Amino acid sequence: MKLATLKGGRDGRLAVVSDDLTRAADAGGVAATMQAAMDDWANAAPSLESLAAALDAGEAESFPFEPSECAAILPRAYQWVDGSAYLSHVELVRTARGAEMPKNLYDDPLMYQGASDSMIGPRDDIELADEAWGIDMEAEVFVILDDVPMGVTRQAAASHVKLVGILNDVSLRNLIPAELGKGFGFLQGKPTTAFSPVVATPESLGAAWDGTKMTLDMEVSLNGAPLGRPNAGTDLYFDVPTLIAHAAKSRRLAAGTILGTGTISNHDRSVGSACLAEVRVIETIEHGAPRTPFMRFGDRVRIDMRNADGNSVFGAIDQRVVKYDGPA
């Protein structure tokens, strides 16, 4: 089953989407919004599954599915936590900042709590005021959870993954070092996050979801030129259940919590990168200085994940970087 949030109101309108991403059906009869569905997932999911089956069979009232009409899957999420589970990425980015790898990072996941009050859709512009902030994309896999008890084990955590998708966790690389230097984490360096047009249940993903992670390539391009195709299942040091258990160590996680795995990164550099920071660090290592600039106004980033048949699984994130001129 695949679901989307269509634009309309602050929290959007829930829709079921056909497996081939061509048709959609209004799911308001089951749950008005994605959050409403997550709050009552045990009861809502079977009805949504029935609607999805009818849609795929051509037996439900439907309309053409347009990714440009999608909001973020949860335009206002109760919680958004993001790990950095690909240690290849962590190593490279920390090298760029002149920071050492903490020894405990190989035993204890790195995670931060992001701003979740204003997420954006897959075709919405990335609005920022200054190119000098170091605008970067970060292509990631994310999951949406139901209610997770405090102290959940890794083994039990897997059952709390209800939906899977991909996202663009935009980062402002030139703002982050000063923020982290204060010893209190990200704020300005992590602006609005964008999400894939649809999310899918783990069961519907087949072999692409092995129960703990996605195993497909993440395709990232900038202005039409390929940037990278790292595999989401390769070099993932901490899998999704491990990240969930880490986040829930000292508190409950509310239904609708979004959890990201962090920027996908492989040790095999021939597959390219899912963010510009990695590209720049590799260039510095090889040439003494970075050659690739961060994104500029007018640039376009596209992020997608395809199955073995070459079909997009979640729909593509396709965004332009535009100048924000301040409040009207």
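Residues numbered from 1 in each chain as written. Predicted model: local features only at pLDDT ≥ 70, side-chain atom pairs only at ≥ 80, totals over all residues. Heavy atoms only, no water.

1. Some words on the side chain of Asp 304
Piece 1. By secondary structure assignment, the location of Asp 304 is in strand β17 (residues 300-305).
Piece 2. Within the structure, Asp 304 has its side chain in polar contact with the side chain of Ser 312 (distance 2.7 Å).
Piece 3. Leave out the neighbours within four places in its chain, and Asp 304 touches Ile 166, Asp 217, Met 218, Glu 219, Ser 312, Gly 315 and Ala 316. (Helix = DSSP H or I, 4+ residues; strand = E, 2+ residues; numbered from the N terminus. Polar contact = N/O pair within 3.5 Å; in protein donor to acceptor, adjacent residues only side chain to side chain. Contact = heavy atoms within 4.5 Å.)

2. Quick word on the pattern of salt bridges
Piece 1. Enumeration over the complete set of coordinates arrives at 17 salt bridges.
Piece 2. Here Glu 219 ties to Arg 306 by a salt bridge, and the two come within 3.2 Å at their closest N and O atoms. Within this pair, whereas Glu 219 is found in strand β14 (residues 218-222), its partner Arg 306 is found in the loop between β17 and β18 (317-323), the two being separated by 87 residues in sequence.
Piece 3. Connected via shared salt-bridge partners are Asp 136, Glu 138, Asp 169, Arg 173 and Lys 190. (Salt bridge = Lys/Arg side-chain N within 4 Å of Asp/Glu carboxyl O.)

3. Focus on the pairing of strand β5 (residues 80-83)
Piece 1. Burial of β5 is two-sided: the residues Trp 80 and Asp 82 facing one way and the residues Val 81 and Gly 83 facing the other way are all buried.
Piece 2. Judged from the three bridges that link them, β5 and strand β16 (residues 258-260) form a sheet pairing that is parallel. Across the sheet, residue Val 81 finds its bridge partner in β16, namely Leu 259.
Piece 3. Strand direction decides the pairing type here: β5 and strand β6 (residues 111-113), joined by three bridges, are antiparallel. What sits directly across from Gly 83, in β6, is Met 111. (Buried < 20%, exposed > 50% of the residue type's maximum accessible area, 1.4 Å probe, protein only. Pairing = 2+ DSSP bridges.)

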